[in-house]
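# Structural characterization, general
Below are the chains, spelled out letter by letter.
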Amino acid sequence: MKLELEDVRGGYGRVAVLKGVSFALAAGEVLALLGHNGAGKTSTLKAIMGLLPVRTGRIALDGAGLADREPHTIVGLGIAYVPQGRRLFPYLSVEENLRMGVLAGGSDVRVLEEVYALFPPVRERLRQRAGTLSGGQQQMVAMGRALAASPRVLLLDEPFEGLQPSLVQAILRAIGRLRESGVAVVLVEQRVDLALRVADRVVFLQNGVSAHEALPAALQRDPEPLYRYVGVRR
Ligand SMILES: Nc1ncnc2c1ncn2[C@@H]1O[C@H](COP(=O)(O)OP(=O)(O)OP(=O)(O)O)[C@@H](O)[C@H]1O
Ligand SMILES: [Mg+2]
């Protein structure tokens with residue numbers, strides 16, 4: 001598996017938001033996408049999913065261009081997206097939400113056993129309406145719904161936002177296990193410390209451009225890019 005973005009440019013109407021985003025991702029790799037507010041992190045994920053018009057450049061999965069494909073087709077090809085703020089169907093049960101993922105990916109319901117193994121608390125709440133869950137529980141269901149599509153690439157937009165420490169650990173563990181099973185993950189995150197704990201590689205976005213790429217170990221030795229591109233104080 002290989003996901004490639006080459007000089008991707010696009011935006012909303014006439015407003016250019018992405019102005020040259022390039023990176024590549026292989027199976028079992030976790031790539032953290034970091035940058036200031038408004039740098040274009042969410043827009044990059046939307047572009048991959050076909051939710052943001054790409055004007056020039058190329059997005060390809062295993063060499064096949066994704067341009068002009070519908071979002072549901074892209075899910076069917078093996079890319080799943082967990083948007084910021086989770087966005088479950090609040091009036092549907094947990095199980096119905098998970099089945100939406102199975103449907104979207106054209107996968108087998110047996111895949112849900114893997115979801116329950118990854119997130120045991122989800123199994124205990126299958127009949128509960130999704131909107132009544134805590135934020136952390138909703139994050140597990142949102143990731144579970146994405147994984148129910150049996151993706152090869154998982155796009156996560158700020159999965160740790162507003163989560164208490166024990167749930168942060170559960171999500172970190174889940175990302176680690178997905179990596180082991182060969183799923184590639186693009187992790188957009190404001191919490192740089194958490195992102196660096198799971199990332200194999202970091203791409204910094206600045207004003208819609210992929211400005212710098214680094215390994216977490218290199219950032220530990222020299223955190224200057226973290227100051228420059230994310231504004232963290234350490
Ligand atoms: N629907 C929209 N219409 C027009 N401009 C938009 C729209 N959504 C986002 N933008 C603009 O696109 C730019 C990139 O936004 P994006 O949401 O991709 O950034 P981000 O890196 O995810 O930021 P954050 O850290 O705040 O989530 C910003 O300047 C934003 O104002
Ligand atoms: Mg965002």
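These figures come from a predicted structure and were not determined experimentally.

Here we take up the site of ligand 1. All residues in the neighbourhood of ligand 1 are listed as Tyr12, Val15, Val17, Gly35, Asn37, Gly38, Ala39, Gly40, Lys41, Thr42 and Ser43. For the shell around ligand 1, the secondary structure elements donating two or more residues are β2 (15-26) and α1 (41-49). For the shell around ligand 1, the element with the most residues is α1, which contributes three residues. Of the residues contributing to the shell around ligand 1, the split by class is four nonpolar, six polar and one charged.

Right, let's get into the sheet that holds strand β1 (residues 2-12). The four strands are arranged β2-β1-β4-β5 in an open sheet whose pairing can be described as antiparallel. A single partner strand is all that each edge strand has here, and the edge strands are β2 and β5 (64-65). Relative to strand β4 (residues 54-61), β1 runs antiparallel, the two being bridged by six bridges. Its bridge partner lying in β4, Leu3 is registered against Leu61.

Turning our eyes to something else, we now look at the sheet that holds strand β7 (residues 153-157). Strand order in the open sheet formed by six strands is β6-β7-β8-β3-β9-β10, with mixed pairing between adjacent strands. Either end of the sheet is taken by a strand with one partner, and the two such strands are β6 (79-82) and β10 (209-214). Strand-to-strand twist of the sheet, defined as the mean angle between neighbouring strand axes without regard to direction, takes the value 20°. Inspection of the sheet shows strand β3 (residues 30-34) paired to strand β8 (residues 184-188) by four bridges, in the parallel sense. Residue pairing in the sheet places Leu33 in a bridge with Val188 of β8. Along the sheet, helix α7 (residues 165-180) contacts β3, β7 and β8; its crossing angle with β8, the most-contacted strand, is approximately 150°.

This paragraph deals with the packing of helix α3 (residues 94-105) against helix α6 (residues 135-147). Contact geometry of α3 with α6 gives a least axis separation of 6 Å together with a crossing angle of 35°. Like other packed secondary-structure pairs, α3 and α6 cross with a definite hand, here right-handed. Every residue of α6 that contacts α3 at Val94, Asn97, Leu98, Met100 and Gly101 is listed here: Val141, Gly144, Arg145 and Ala146. Counted by class, the contact of α3 with α6 contains five nonpolar, three polar and one charged residues.

This brings us to α6. In a regular helix each residue adds 1.5 Å, so 13 residues correspond to 18 Å; α6 covers 18 Å between its end C-alpha atoms and thus fits that length. The set of residues buried in α6 consists of Gln137, Gln138, Gln139, Met140, Val141, Ala142, Met143, Gly144, Arg145, Ala146 and Leu147. Buried positions along α6 lie against β6, α3, α4 (111-118), α5 (120-123), β7 and α7.

With that settled, consider the packing of α6 against α7. Between α6 and α7, whose axes approach to 10 Å, the crossing angle comes to 15°. Considering their axes alone, α6 and α7 lie roughly parallel with respect to each other. The crossing of α6 and α7 is left-handed. The residues of α7 that touch α6, namely those facing Gly136, Gln139, Met140 and Met143, are Leu167, Ala170, Ile171 and Ala174.

Each value, and the rule that gives it
- Residues numbered from 1 in each chain as written.
- Chains lettered and ligands numbered in written order.
- Predicted model: local features only at pLDDT ≥ 70, side-chain atom pairs only at ≥ 80, totals over all residues.
- Near = placed C-beta within 6 Å.
- Helix = DSSP H or I, 4+ residues; strand = E, 2+ residues; numbered from the N terminus.
- Nonpolar A, V, L, I, M, F, W, Y, C, P; charged D, E, K, R; others polar.
- Pairing = 2+ DSSP bridges.
- Axes fitted to C-alpha atoms, helices over the stretch in contact; angles between N-to-C directions.
- Contact = placed C-beta atoms within 7 Å.
- Left-handed = near helix turned anticlockwise from the far one by under 90°.
- Expected span 1.5 Å × (residues − 1).
- Buried ≥ 20, exposed ≤ 12 C-beta atoms within 10 Å, placed from the backbone.
- Parallel < 35°, antiparallel > 145°, perpendicular 65-115°, else oblique.

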